[in-house]
Amino acid sequence: MPEAPAAGAGAHAIDRRMLEFLVCPVTRGPLVYDAARQELISRGAHLAFPIRGGIPVMLIDEARRLDD
């Protein structure tokens, strides 16, 4: 039986198993899921990658720069 997706803001949710396989395209480090903002946060790269329609957009040009 498939595992239920993680709860998230909006109609689309992220599968937590998928999050285990995703890494930051810059640092190859772990990502943190921010359900409220629908983003994947790379603390090492100081970037937030958007999740649109339930799909992570792992393009550096689409990422939001985090304030330090």
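Rules behind the numbers
- Each residue is numbered by its place in its chain's sequence as written, counting from 1.
- At least 70 in pLDDT is required for a residue's local features to be given in this predicted model, at least 80 for side-chain atom pairs to be given and counted, and no such filter applies to totals for whole chains, interfaces and linings, which use all residues.
- Side-chain numbers come from the whole structure's heavy atoms, not from hydrogens or water.
- Per the convention used, a helix needs a DSSP run of H or I reaching at least four residues, while a strand needs a run of E reaching at least two, with both numbered from the N terminus.
- Salt bridge criterion: a side-chain nitrogen from Lys or Arg within 4 Å of a carboxyl oxygen from Asp or Glu.
- Classification of residues uses two cut-offs on accessible area relative to the type maximum, computed with a 1.4 Å probe and protein chains only: under 20% is buried, over 50% is exposed, and between them is partly exposed.
- Within this scheme, the nonpolar core is defined by two criteria: the residues are buried Ala, Val, Leu, Ile, Met, Phe, Trp, Tyr or Cys, and they are joined through side-chain atoms within 4.5 Å.
- What makes two residues a contact is simply this: any of their non-hydrogen atoms within 4.5 Å.
- Following DSSP output, two strands are said to pair if at least two bridges run between them.

1. Quick word on unusual backbone geometry
Although it is not a glycine, R28 adopts a positive phi angle of roughly 65°. For R28, the location among the structural elements is in the loop between α1 (16-21) and β1 (32-34).

2. A short note on the pattern of salt bridges
Oppositely charged side chains can form a pair if their charged atoms are brought close together. For the coordinates displayed, the defined rule picks out 3 salt bridges. Residue E39 pairs with R37 through a salt bridge whose shortest N-O separation is 3.7 Å. Where R52 meets E62, a salt bridge forms, and the shortest distance between an N and an O atom there is 3.0 Å. With a gap of 10 residues between them, R52 in strand β3 (residues 47-52) and E62 in the loop between β4 (55-56) and β5 (64-65) connect regions that are remote in the sequence. Among the residues examined, E62 registers a relative accessible area of 36% and is labelled partly exposed. Through salt bridges that share partners, R37, E39 and R64 make up one connected network.

3. What to know about the nonpolar core
Among soluble globular proteins, nonpolar side chains are generally buried collectively. Core analysis: the largest hydrophobic core is formed by 11 residues, namely I14, L19, C24, L31, Y33, L40, A45, L47, F49, I51 and A63. The dominant element in this core, judged by the number of residues it contributes, is β3, at 3 residues. Beyond its immediate chain neighbours, meaning those up to four positions away, L31 contacts L22, V23, C24, L40, I41, S42, F49 and M58.

4. Things to note about the pairing of strand β2 (residues 39-42)
Regular strands have side chains that alternate between both faces of the sheet. Residues E39 and I41 line one face of β2 and the alternating positions L40 and S42 line the opposite face, and both faces are buried. Strand direction decides the pairing type here: β1 and β2, joined by 3 bridges, are antiparallel. Note on β2: the bridge partner recorded for Y33 is L40. Connecting the antiparallel pair β1 and β2 is a turn made up of 4 residues, with Q38 showing a positive phi of about 55°. Of the strand pairs in this sheet, β2 and β3 are connected by 4 bridges, and their pairing is antiparallel. What sits directly across from S42, in β3, is L47. Hairpin connection, β2 to β3: the antiparallel pair is bridged by 4 residues, and H46 has positive phi, about 60°.

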